[in-house]
Amino acid sequence: DGGITQSPKYLFRKEGQNVTLSCEQNLNHDAMYWYRQDPGQGLRLIYYSQIVNDFQKGDIAEGYSVSREKKESFPLTVTSAQKNPTAFYLCASSIDGVGYEQYFGPGTRLTVT
Amino acid sequence: DAKTTQPTSMDCAEGRAANLPCNHSTISGNEYVYWYRQIHSQGPQYIIHGLKNNETNEMASLIITEDRKSSTLILPHATLRDTAVYYCIVRVSYNNNDMRFGAGTRLTVKP
């Protein structure tokens, strides 16, 4: 089955620790995205990548970092500099960054205490 | 991207048509209307999109007014599984990095 996988579904960390969220797709999509969602709100774009080895900041990139070493993978690191890291994180991909719809993974719910 | 306005919540009876409105009065000529939905604690799911003409697929129909300042998503025979938050998004076709998800409309389908 083709799709986007995010693991784990739930993640717990202590404050001050960096944590990396996994996102893998086997759809052969060039573009990938990371969004953050807070309770009762819409999605906000953190980072996006239109091609391997290239990525751009979204609206709320501070405190986050990404890499795109492989087409299939776009991991997101939530650093200790992110002041309010507890949220629902969603990864998405699209055929390219131009005009196609985005396909979303199931999300990772991160709780930092 | 043009700002969209959607009602916060709506109810619909199971088996009836659900009509979800969206206002986008400042839409530009090169901006498309996209609809996604998000079932609780899952990733959003693409439903449909359009530019000027009405569109229909296996999930829904999209009706765009002639002046393009508003649109309506129609789920023809709503089921309990259609209970979700529905997002109306307006964006230019050539920029997938400009997807702006607002708060959406929480649709509750009732038996």
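Relevant structure appears above.
Residues numbered from 1 in each chain as written. Chains lettered and ligands numbered in written order. Predicted model: local features only at pLDDT ≥ 70, side-chain atom pairs only at ≥ 80, totals over all residues. Heavy atoms only, no water.

Draft legend 1. Fine view of the layout of surface pockets. The space that makes up the largest pocket amounts to roughly 410 Å³. In terms of lining, the largest pocket is formed by 19 residues, of which the most central are A:Gln37, A:Gly40, B:Gln38, B:Val85 and B:Arg106. Among the elements that make up the lining of the largest pocket, the one with the highest residue count is strand β8 (residues 84-92) of chain B (three residues). Its residues assigned to classes, the lining of the largest pocket shows seven nonpolar, nine polar and three charged. Taken as a whole, the second largest pocket spans an internal volume of roughly 260 Å³. Counting residues per element, the ones that place at least two in the lining of the second largest pocket are β10 (103-104) of chain A together with β3 (31-38) and β4 (45-50) of chain B. Taken together, the residues of the lining of the second largest pocket sort by class into eight nonpolar, seven polar and one charged. (1 Å grid on protein atoms, 1.4 Å probe; cavity = no way out; pocket = protein on both sides within 12 Å on 5 of 7 lines; lining within 4 Å. Points joined across faces, edges and corners; volume = space filled by probe spheres on them. Helix = DSSP H or I, 4+ residues; strand = E, 2+ residues; numbered from the N terminus. Nonpolar A, V, L, I, M, F, W, Y, C, P; charged D, E, K, R; others polar.)

Draft legend 2. Expanded view of the state of the cysteines. Tallied over the entire structure, the rule returns two disulfides over all chains. Disulfide pairing places A:Cys23 opposite A:Cys91 at an S-S distance of 1.8 Å. Between A:Cys23 and A:Cys91, the S-S dihedral sits near -70 degrees, and the bridge is therefore left-handed. Taken as a pair, A:Cys23 in strand β3 (residues 19-25) and A:Cys91 in strand β9 (residues 87-94) lie far apart in primary sequence, 68 residues in all. Using a relative accessible area of 1% as the deciding quantity, one classes A:Cys23 as buried. Bridging B:Cys22 to B:Cys88, the disulfide has an S-S length of 2.1 Å. As the torsion about the S-S bond is roughly -80 degrees, the B:Cys22-B:Cys88 disulfide counts as left-handed. Here B:Cys88 lies in strand β8 and B:Cys22 lies in strand β2 (residues 18-23), a separation of 66 residues in the sequence. Assessed through its relative accessible area of 1%, B:Cys88 is described here as buried. Free of any disulfide, B:Cys12 has its nearest cysteine sulfur in B:Cys22, 18 Å distant. For B:Cys12, a relative accessible area of 9% puts it in the buried group. (Disulfide = S-S within 2.5 Å. Buried < 20%, exposed > 50% of the residue type's maximum accessible area, 1.4 Å probe, protein only.)

Draft legend 3. Layout of the nonpolar core. B:Trp35, B:Leu73, B:Tyr86 and B:Leu107 are the most contacted members of the largest nonpolar core, which totals 21 residues. Contributions of two or more residues to this core are made by β2, β3, β4, β6 (61-64), β7 (70-75), β8 and β9 (105-110) of chain B. It is β8(B) that provides the largest number of residues to this core, a total of four residues. Counting residues in each nonpolar core, the second largest holds 20 residues, with A:Trp34, A:Ile60, A:Leu76 and A:Ala87 among its members. (Core = buried A, V, L, I, M, F, W, Y, C linked by side-chain atoms within 4.5 Å.)

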